[in-house]
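Listed below are the residues making up each chain.
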Amino acid sequence: MTTIEHEVLDLNNPAPELPPSSSLTARGVSAWFGDHKVLERVNLDMPAGEVTALIGPSGCGKSTFLRILNRMHELVPSATLSGTIALDGDDIYRGDIPVTEMRRRIGMVFQKPNPFPAMTVSENVIAGLKLSGVKATKSDRRDLVESCLQRAGLWNEVKNRLGAAGGALSGGQQQRLCIARALAVKPSVLLMDEPCSALDPTSTRRIEETIAEIAHEVTIVIVTHNMQQAHRVSNTAAFFLAGEGEPGHIVESGDTETLFTNPADPRTLDYVNGRFG
């Protein structure tokens, strides 16, 4: 792979704006942990500016696939994969996009909220700037904090508590703080791994509202076991399934409404209606 030195961005003299969102494309993606194959030839289009939901029973490879999308899979020593993941047509594993730049463009929000507990709310939001090589003045940082907290639906709740520890917020607030932190480095794709699984219904609703508000500017790929949530928030969906002792694969994918109401495969209809899984 060609190595390109990571360019430092300066908010006072910014580089040309990236597109507000990017497409992701998977072609023939298979994955292993050691000798154990966990994914079998996954093909999926994740359109720019849309929400794609990954659904299916536990253990069918959804979260593994999500981590493959921003090269977290390769951080596991025994992990290998084949196939291609392309970001706006550029292969993220074999192309010329440096890993640091690729992970800035493809952000991640995890199942369990993970703000830096000793940092303040403000410090949490801008924590990714230094890691991403982004320079910002004090005024820039202040504006960025407010903007990202607004977009994450959290500003009105914490605007008078910006100096409080991020770990002191409620679970739902912490998750939205993590979304604000991810948005601060201006990603074009945001991956979400069951972001509401540990949250109460009110916090879940607020996260879903945040997804709806930012979906026009950032492509979102979300793993969820909540079928109602997948139906509510996504434009397209992919149903993953794994037989006993077999790797996960996509049974079918496409328009969410069609997949939930008139799927091509009867197994999809059984799953979305709660008859198994």
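The structure this text deals with has already been given above.
Quick look at the overall build of the protein
Assigned secondary structure in the protein consists of 11 helices and 12 strands. For 277 residues, the compact-globule formula gives about 19 Å, and the C-alpha radius of gyration of the protein, at 19 Å, lands near that figure. For the protein, the spread of C-alpha atoms along the principal axes amounts to about 55 × 45 × 30 Å. A burial count over the protein gives 50% of its 277 residues as buried. Within the protein, contacts between residues at least 6 apart in sequence are counted, and of these 68% link residues at least 24 apart. When the accessible surface of the protein is summed, it comes to about 12800 Å², and 50% of that surface belongs to carbon and sulfur atoms. Across the protein, 27 positive and 33 negative side-chain charges occur, with their mean positions spaced 6 Å apart.

Some remarks on the pairing of strand 10 (residues 219-223)
Working note: regular strand, side chains alternate between the two faces of the sheet. By the criterion of burial, strand 10 is predominantly enclosed, with five of the five residues buried. Here strand 10 shows two buried faces, one formed by Thr-219, Val-221 and Val-223 and the other by Ile-220 and Ile-222. In this structure, strand 4 (residues 51-55) lies alongside strand 10, joined through four bridges in parallel fashion. Looking at strand 10, one finds that Leu-54 is bridged to Val-223. As defined by bridge partners, strand 9 (residues 189-193) adjoins strand 10 across five bridges and the pair is classed as parallel. The residue of strand 10 that forms the bridge with Leu-191 is Val-221.

Cut-off values and rules
Residues numbered from 1 in each chain as written. Predicted model: local features only at pLDDT ≥ 70, side-chain atom pairs only at ≥ 80, totals over all residues. Heavy atoms only, no water. Helix = DSSP H or I, 4+ residues; strand = E, 2+ residues; numbered from the N terminus. Rg over C-alpha atoms; globule rule 2.2 N^0.38 Å. Buried < 20%, exposed > 50% of the residue type's maximum accessible area, 1.4 Å probe, protein only. Contact = heavy atoms within 4.5 Å. Areas by Shrake-Rupley, 256 points an atom, 1.4 Å probe, with all protein chains shown as cover. Lys, Arg positive; Asp, Glu negative; His and termini not counted. Charge placed at Lys NZ, Arg CZ, Asp CG, Glu CD. Pairing = 2+ DSSP bridges.

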